[in-house]
Amino acid sequence: MRRVTTRGTIVLAALALAGVACSGREANQGNRETARAKDTASLAGTAGANPAKAAAASTLGKIDAADNEEVQAGQLAQRAGQSADVKRLGYMLAQDHQANRKQVDDLAKSLEVTPAPPPDAAAKQMTALDQLSAKKGADFDRAFVQMQIDDH
């Protein structure tokens, strides 16, 4: 039993460290995507505002929807996680993605657009979160960690 616990702790610690590294990569990717959206919108003055603003709204909507799902999953992990490592990972994810959502909101305001998530984003998020919330104890922890591996 001790070996399993130690291995599980090592795996969760590695995941937490990878999450920190991934958080930086996600921020960089998000920054690149938001910069691309801002560049596209800045070209709108010469090429007509609607297509550029629509592209910016779509891109920001996708980013915001992904961040929203991660915030909700992180909050769920804080409530339902069995291990302290899963709870800490959930807290970190929720904090990081809430900060990302604020950046998206700020950029959307500066571009004068409203983020437009994909039409099926909310339904997909609810399905994933419902499946996760149906699990308890160690099953929840495994499913949450796997969800984060798949997402990141």
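Now for a description of the structure that goes with this document. Here the structure is a predicted model, which means the values were calculated and not measured.

Some remarks on helix α6 (residues 137–151)
In this model α6 runs 21 Å from its N-terminal to its C-terminal C-alpha over 15 residues, within 8% of the 21 Å that 1.5 Å per residue would give. The set of residues buried in α6 consists of F140, D141, A143, F144, V145, M147 and Q148.

So, the pattern of salt bridges
Inspection of every chain in the model, using the stated rule, returns six salt bridges. Residue K53 pairs with E112 through a salt bridge whose shortest N-O separation is 3.8 Å. Pair noted here: K53 is in helix α3 (residues 49–80) and E112 is in the loop between α4 (84–111) and α5 (121–133), with a separation of 59 residues, a long-range link. Judged by its relative accessible area of 27%, K53 falls in the partly exposed class. R88 is the salt-bridge partner of D85, the closest N and O atoms lying 2.3 Å from each other.

Brief notes about the nonpolar core
Side chains that are nonpolar tend, in soluble globular proteins, to be buried together. Counting 14 residues, the largest nonpolar core has V86, L132, F140 and F144 as the members making the most contacts within it. Of all the secondary-structure elements, those providing two or more residues to this core are α3, α4, α5 and α6. Tallying contributions element by element places α6 first for this core, with five residues. Excluding residues within four positions of it along the chain, F140 makes contact with L76, A77, A80, G81, V86, L132 and K135. In this structure, A56, A57, I63 and L107 belong to the second largest nonpolar core, which totals nine residues.

Brief notes about the packing of aromatic side chains
Scanning all chains against the criterion turns up one aromatic pair. Both rings, one in F140 and one in F144, keep their centres 6.1 Å apart while their planes meet at 5°; by these two values the pair is stacked. Of this pair, F140 and F144 both sit in helix α6, separated by four residues, roughly a single helical turn. Judged on exposure class, the residue F140 and its partner F144 are both buried.

Some points on the side chain of D64
Within the element layout of this structure, D64 appears in helix α3. Its relative accessible area of 14% is what places D64 among the buried residues. Those residues within four positions of D64 in sequence are excluded, and the remaining contacts are R101 and V104.

Concerning the packing of α4 against α6
Running from N to C, α4 and α6 point in directions that differ by 40°, and their axes come no closer than 11 Å. The element α4 and its partner α6 pack so that their crossing is left-handed. Side by side, α4 and α6 meet where V86, L89, G90 and L93 of the first sit next to F140, D141, F144, V145 and Q148 of the second. When its residues are assigned to classes, the contact of α4 with α6 shows six nonpolar, two polar and one charged.

Scoring rules and cut-offs
- Residues numbered from 1 in each chain as written.
- Predicted model: local features only at pLDDT ≥ 70, side-chain atom pairs only at ≥ 80, totals over all residues.
- Heavy atoms only, no water.
- Helix = DSSP H or I, 4+ residues; strand = E, 2+ residues; numbered from the N terminus.
- Expected span 1.5 Å × (residues − 1).
- Buried < 20%, exposed > 50% of the residue type's maximum accessible area, 1.4 Å probe, protein only.
- Salt bridge = Lys/Arg side-chain N within 4 Å of Asp/Glu carboxyl O.
- Core = buried A, V, L, I, M, F, W, Y, C linked by side-chain atoms within 4.5 Å.
- Contact = heavy atoms within 4.5 Å.
- Phe/Tyr/Trp six-rings, centres within 6.5 Å; stacked < 30°, edge-to-face > 60°.
- Axes fitted to C-alpha atoms, helices over the stretch in contact; angles between N-to-C directions.
- Left-handed = near helix turned anticlockwise from the far one by under 90°.
- Nonpolar A, V, L, I, M, F, W, Y, C, P; charged D, E, K, R; others polar.

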